Amino acid sequence: MRVAAVAPSSERLARLMTQEIEPLTGPILELGPGTGVFTRALLARGIPESALTLVEFGEEFAVRLRGRFPEARVVQMDAAQLGQCGLFDDAPFGAVVSGLPLLSMPPEKVAAIVGGAFEAMKPGGAFYQFTYGPRCPVPKLVLESLGLKGTRIGSTVRNIPPAGVYRISRQNPLELPIAGSKYRGAGDSAGISA
Ligand SMILES: C[S@@+](CC[C@H](N)C(=O)[O-])C[C@H]1O[C@@H](n2cnc3c(N)ncnc32)[C@H](O)[C@@H]1O
């Protein structure tokens, strides 16, 4: 219940989540890796472990991730702090893979997470998110306020429960998300340990 999931994601869902990512995509930011199902799928796609940054709120998960993926950068923090923590200013990511339970978060927190992620990404970068619901888990108003769009790129019944995968990208890749949107800057504060 603490992680808003009945079981870790299946390998099938992990493959769907990472299907568009390749070594040339660049460094990858993973949010809410948990036990590392999507992390392993990223490695299977040829992404070097040293190109992975894993942001995980749960201390026990973070400790285990450091043991399993010693060359990855594991940061224990609330993903809603991405835009304010200053940790990612120097290394723009090529993509973000998110296992976060966005449907159980208020829109302000979703906006802080997604907006912060796009600030840390190259202009053409995409944010991959799965959901157990029928629609994009980032609310339409949040997408619009940040200049983003959500596209369903796959679904699978081989997961408990069945899940869909969305690619969230900039409506215009040459424009940055709108600064000062009414949804920005509303993330909870939390300690960070990198
Ligand atoms: C539904 S689990 C997904 C785990 C794994 N990616 C998978 O698909 O099996 C959600 C994960 O996100 C982490 N998490 C939840 N809220 C978070 C937040 N605000 N910042 C960072 N991690 C968070 C949880 O600790 C948990 O590891």
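Just so it is clear, the model here is predicted, and its values are computed rather than measured. (Residues numbered from 1 in each chain as written. Predicted model: local features only at pLDDT ≥ 70, side-chain atom pairs only at ≥ 80, totals over all residues. Heavy atoms only, no water.)

### Some points on the packing of aromatic side chains
Then step 1. What the rule picks out here adds up to three aromatic pairs.
Then step 2. Aromatic side chains Phe-118 and Phe-127 sit 6.4 Å apart centroid to centroid with 15° between the ring planes, which places their arrangement in the stacked category. An identical accessibility class is assigned to Phe-118 and Phe-127; each is buried.
Then step 3. Every member of this aromatic cluster is reached through a ring pair, and the members are Phe-38, Phe-130 and Tyr-132. (Phe/Tyr/Trp six-rings, centres within 6.5 Å; stacked < 30°, edge-to-face > 60°. Buried < 20%, exposed > 50% of the residue type's maximum accessible area, 1.4 Å probe, protein only.)

### As for the sheet that holds strand β4 (residues 93-98)
Then step 1. Across the sheet, which stays open at both edges, the seven strands sit in the order β3-β2-β1-β4-β5-β7-β6 with mixed pairing between neighbours. At either end of the open sheet lies a strand with only one pairing partner, and these are β3 (73-76) and β6 (148-156). Across this sheet, the average inter-strand angle for adjacent strands is 20°, counted without regard to direction.
Then step 2. Where strand β1 (residues 28-31) lies against strand β2 (residues 52-56), four bridges are found, and the strand directions are parallel. Across the sheet, the residue bridging to Leu-29 is Thr-53, located in β2.
Then step 3. Contacts between helix α3 (residues 59-68) and the sheet are confined to β2 and β3, with β3 contributing the most and set at about 170° to the helix.
Then step 4. The sheet strands contacting helix α5 (residues 107-119) are β1, β4, β5 (121-131), β6 and β7 (163-170), and the helix crosses β5 at an angle near 145°. (Pairing = 2+ DSSP bridges. Helix = DSSP H or I, 4+ residues; strand = E, 2+ residues; numbered from the N terminus. Axes fitted to C-alpha atoms, helices over the stretch in contact; angles between N-to-C directions. Contact = heavy atoms within 4.5 Å.)

### So, the site of the ligand
Then step 1. By nearness alone, 20 residues border the ligand, and Ser-9, Gly-32, Glu-56, Asp-78 and Ala-79 come closest of all.
Then step 2. One of the backbone nitrogen or oxygen atoms of Pro-33 is found 3.5 Å away from a nitrogen atom of the ligand.
Then step 3. For the shell around the ligand, the per-class residue count stands at 13 nonpolar, four polar and three charged. (Near = heavy atom within 4 Å. Polar contact = N/O pair within 3.5 Å; in protein donor to acceptor, adjacent residues only side chain to side chain. Nonpolar A, V, L, I, M, F, W, Y, C, P; charged D, E, K, R; others polar.)

### A short note on the confidence of the model for the protein chain
Then step 1. Looking at the protein chain as a whole, its pLDDT mean stands at 90, while 87% of the residues score no less than 70.
Then step 2. Here residues 185-192 is modelled with pLDDT under 50, and outside its nearest four sequence neighbours on either side it reaches 21 contacts, counting other chains as well. (pLDDT = per-residue confidence, 0-100.)

### Details of the pairing of β7
Then step 1. Counting buried positions along β7 gives seven out of eight residues, so the element sits mostly inside the fold.
Then step 2. Pairing between β5 and β7: five bridges, direction antiparallel. Bridge pairing in β7 links Phe-130 to Val-165.
Then step 3. Turn length for the β6-β7 hairpin, with the two strands adjacent in sequence and antiparallel, is six residues.

### Considerations on the packing of helix α1 (residues 11-18) against helix α2 (residues 37-44)
Then step 1. Packing of α1 against α2 brings their axes to within 9 Å, and their N-to-C directions diverge by 60°. Comparing their axes, α2 and α1 come out oblique. Judged by the twist between their axes, the crossing of α1 over α2 is right-handed. Across the interface between the two elements, Leu-13, Ala-14, Met-17 and Thr-18 of α1 pack against Val-37, Phe-38, Ala-41 and Leu-42 of α2.
Then step 2. Taken together, the residues that form the contact of α1 with α2 break down as seven nonpolar, one polar and no charged. (Parallel < 35°, antiparallel > 145°, perpendicular 65-115°, else oblique. Left-handed = near helix turned anticlockwise from the far one by under 90°.)

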